[in-house]
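Working through the structure, step by step
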Amino acid sequence: MIAEHLHNLLLKSLDAELSPEESLKLESALTESEELRTLKEEYLQQKALISNQEFRLRPFLATRVMAGLEKLQETKEWIPGLSFAFKRLALPVFALILLVLTTAIVVEQQITVDTFLGVSVLSIDELMNDFIVSN
Amino acid sequence: MVSDDQLLEEARKGDNAAFQQIVERYESLVAGTVVGMLGNTQEAEDVAQEVFIRFYKSMQQFRGDSALGTYLTRIAINLSLNALKKQKRKNLFSLFSSNQKHPELSIPDTGINQDQKETQAMVQRALLELEEEFRSVIVLRMIDGYSTKETAKILELPLGTVLSRLSRAQKKLKEVLTQSYGFT
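First, a word on what this report is: a plain description of the structure on this page. (Residues numbered from 1 in each chain as written. Chains lettered and ligands numbered in written order. Predicted model: local features only at pLDDT ≥ 70, side-chain atom pairs only at ≥ 80, totals over all residues. Heavy atoms only, no water.)

Another aspect to go through is the overall build of chain A. When helices and strands are counted, chain A shows six helices and zero strands. Going from the N terminus to the C terminus, chain A shows its helices and strands as α-α-α-α-α-α. For chain A, the C-alpha radius of gyration of 40 Å lies well beyond 14 Å, the compact-globule estimate for 135 residues. Counting all 135 residues of chain A, 24% fall into the buried class. Of the contacts formed within chain A by residues at least 6 apart in sequence, a portion of 33% connects residues at least 24 apart. Entry remark: accessible area of chain A is about 10000 Å², with carbon and sulfur atoms responsible for 65%. Of the charged side chains in chain A, 12 are positive and 20 negative, and the gap between their average positions amounts to 10 Å. (Helix = DSSP H or I, 4+ residues; strand = E, 2+ residues; numbered from the N terminus. Rg over C-alpha atoms; globule rule 2.2 N^0.38 Å. Buried < 20%, exposed > 50% of the residue type's maximum accessible area, 1.4 Å probe, protein only. Contact = heavy atoms within 4.5 Å. Areas by Shrake-Rupley, 256 points an atom, 1.4 Å probe, with all protein chains shown as cover. Lys, Arg positive; Asp, Glu negative; His and termini not counted. Charge placed at Lys NZ, Arg CZ, Asp CG, Glu CD.)

Following this line, the structure appears as structure tokens:
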């Protein structure tokens, strides 16, 4: 069983992060323990195996990134225009809706969907009569 | 060679060519992180692209407290961890999810022979077998080449935690490589 502090020293040694004192301590432990030597060998093999691989992406990443940024910039240009139009339109449209609603309530003295849409005065019979007269 | 600071200054002024140079300079570092974390998958490609787009958006706020490479690696590792979380959620809620444990890897042709391609696929699959917390430590230490201290800083973890995760990750990796792939 390898003591935790020796194990940590071994791990740190793989990237040459040991102080001279720690190096001496590890060296002496390595001389004494075959288990620690085997572990070191295994770690070095593993490190070599992994760090020797080339982890690559498909070619032209930079081109794809720049294309992505261009799209982003286009969207950025488009959104302020939309928000400007919204700011300009929102208030007048809201005022118009309020006006129509108030007029409908004043005229009809009640609030219903029909009142709001202005169709409460219409009935099927009246519509049919209008249709017959017009023809 | 133009320094990172100079390129950054130009990019901040709106020079896209300078930003493209930054991408080209750090492409392989970011690739190491995202491919190590996610394997050679479409998701890794998307995350790598997103890393630079995120950096572009936050470029004005980057004060240079850490090296540019370290900053990009931090974004890459965080986005990879987010992607893995999303994958987990997707697998959890997908009624029709396949039984495939890991996504299909597609190692790009970069002039390596078939044997090297197979070894690379084996290493990537073995890394994907590790829990994310162990994988991230291995990726930063062994692929990106950061020291234990730098790894701790990037992952915002105490040094002792990094060392203990590294130790457990290496044991697990040894098991996976030996048992699943017959690596000795």
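This part is about a nonpolar patch on the surface. Together, Ile124, Leu127, Met128, Phe131 and Ile132 of chain A make up an exposed nonpolar region whose accessible area comes to about 550 Å². By the element assignment, Ile124 of chain A lies in helix 6 (residues 124-134). (Patch = residues over 30% accessible without salt bridge, like charges linked within 9 Å, V, L, I, M, F, W, Y side chains within 5 Å. Salt bridge = Lys/Arg side-chain N within 4 Å of Asp/Glu carboxyl O.)

Here we take up the interface of chain A and chain B. Residue-level contacts link 30 residues of chain A with 48 residues of chain B. Our count for the contact surface shared by chain A and chain B stands at three salt bridges. A salt bridge links Glu42 of chain A to Lys174 of chain B, with the nearest nitrogen and oxygen atoms 3.0 Å apart. Linking chain A with chain B are 10 residue pairs in polar contact (both at pLDDT 80 or more), by the criterion used here. Those elements giving two or more residues to the side of chain A that touches chain B turn out to be helix 1 (4-13), helix 3 (34-51) and helix 4 (61-108) of chain A. Of all the elements, helix 4 of chain A adds the most residues to the side of chain A that touches chain B, at nine residues. Across the side of chain A that touches chain B, the residue classes tally to 13 nonpolar, eight polar and nine charged. (Polar contact = N/O pair within 3.5 Å; in protein donor to acceptor, adjacent residues only side chain to side chain. Nonpolar A, V, L, I, M, F, W, Y, C, P; charged D, E, K, R; others polar.)

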